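Residues per chain are reported as follows:
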Amino acid sequence: MSGRVVHFEITHDDADRARAFYARAFGWQLMPLPEMGYTMVTSGPTGEEGPSEAGFINGGMMPREGAFTATNIVIDVENLEDALKTVNEAGGSTVSERQPVGDMGFVAYFRDTEGNVVGLFQADADARPKS
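Okay, so let's go over this structure. Just so it is clear, the structure is predicted and the values come from calculations on it, not from any experiment. (Residues numbered from 1 in each chain as written. Predicted model: local features only at pLDDT ≥ 70, side-chain atom pairs only at ≥ 80, totals over all residues. Heavy atoms only, no water.)

### Structural notes on the overall build of the protein chain
The condition is simple: By definition, any uninterrupted DSSP run of H or I lasting at least four residues is a helix, any uninterrupted run of E lasting at least two residues is a strand, and each is numbered from the N terminus. Atoms counted for the radius of gyration: C-alpha only. Globule rule: 2.2 Å times residue count to the power 0.38.
The helix and strand inventory of the protein chain stands at 2 helices and 10 strands. Counted from the first residue to the last, the protein chain has its helices and strands arranged as β-α-β-β-β-β-β-β-α-β-β-β. A compact globule built from 131 residues would reach a C-alpha radius of gyration of about 14 Å, and the protein chain, at 15 Å, matches this within 12%. On the principal axes, the C-alpha backbone points of the protein chain span a range of 45 × 40 × 30 Å.

Laid out in structure tokens, this is it:
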């Protein structure tokens with residue numbers, strides 16, 4: 001498990017308003033994915049493999065609903081099920097099990113001991129372009 005923060009997610013009540021705000025305030029590039037109810041956020045120089053400079057991460061935006069009421073971070077792990085087991089043993093709880101994220105990998109969410117919802121991401125090596 002790398003344990004590195006690799007993504008952020010900002011929740012919103014109005015997607016168009018949120019996209020307009022972050023584009024204007026910070027110059028972020030935003031790509032709506034209506035089929036997923038999600039917006040990809042590019043917050044700095046980015047290539048095909050993600051950020052092309054050190055010091056920042058990209059993220060996304062999603063509707064504020066259910067357990068997702070505040071901005072959250074997403075942590076990279078080798079195996080979602082193992083990470084969720086460790087989280088639960090440490091006193092956290094599972095919010096959602098493994099879900100596919102396009103052809104990039106899988107995500108799951110947990111609630112920590114302080115009530116924060118945090119994401120876990122497992123990359124899918126088979127989904128990455130072959131060199």
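### Notes on the side chain of Gln 122
Threshold: Three labels apply to residues, based on accessible area from a 1.4 Å probe with only protein chains included: buried if under 20% of the type maximum, exposed if over 50%, partly exposed otherwise in between. A 3.5 Å cut-off defines polar contacts: any pair of N or O atoms within that distance qualifies, except that in protein one atom must be a possible hydrogen donor and the other a possible acceptor, and neighbouring residues in sequence count only when both atoms are side-chain atoms.
Of note, Gln 122 is situated in strand E10 (residues 117–123). Residue Gln 122 is classed as buried on the basis of its relative accessible area of 12%. Within polar-contact distance, the side chain of Gln 122 engages the backbone nitrogen of Leu 80 at 2.8 Å.

### Some thoughts on the environment of Leu 30
Put simply, the rule is: When checking whether two residues touch, look at their non-hydrogen atoms; a contact exists if any pair is within 4.5 Å.
For Leu 30, the location among the structural elements is in strand E2 (residues 29–33). On the basis of relative accessible area, Leu 30 is assigned to the partly exposed category, the value being 22%. Note: C-alpha distance between Leu 30 and Met 40 (10 residues apart in sequence) is 5.8 Å. Leave out the neighbours within four places in its chain, and Leu 30 touches Arg 19, Ala 23, Thr 39, Met 40, Val 41 and Met 61.

### Points about the packing of aromatic side chains
Our working rule: For Phe, Tyr and Trp, rings pair up if their centres lie within 6.5 Å, where Trp contributes its six-membered ring, and each pair is then called stacked (planes under 30 degrees apart), edge-to-face (over 60) or tilted (otherwise). Here, a charge over a ring is recorded when the distance from Lys NZ or Arg CZ to the ring centre is within 6 Å and its angle to the ring normal is within 35 degrees.
Throughout the structure, instances matching the rule amount to 7 aromatic pairs. Where Phe 21 meets Tyr 22, the ring centres are 4.8 Å apart and the plane angle is 90 degrees; that geometry is what we call edge-to-face. When the ring centre of Phe 106 is taken as reference, the NZ or CZ atom of Arg 98 above it lies at 4.5 Å.

### What to know about the side chain of His 12
Here His 12 shows up in strand E1 (residues 5–12). A polar side-chain atom of His 12 sits 3.5 Å from the main-chain amide nitrogen of Ala 15.

### Looking at the nonpolar core
Formally: Here, nonpolar core means buried Ala, Val, Leu, Ile, Met, Phe, Trp, Tyr and Cys residues that are tied together by side-chain atoms lying within 4.5 Å of each other.
Ile 75, Val 77, Leu 80, Ala 83, Leu 84, Val 87, Ala 108, Phe 110, Val 118 and Leu 120 together form the largest nonpolar core, which totals 10 residues. Listing elements by their share of this core, those giving two or more residues are helix H2 (80–89), strand E9 (105–111) and E10. Of the residues forming this core, the biggest block, 4 residues, is contributed by H2. Excluding residues that lie within four positions of it along the chain, Phe 110 makes contacts with Leu 84, Val 87, Ser 93, Thr 94, Val 95, Asn 116, Val 117, Val 118 and Leu 120.

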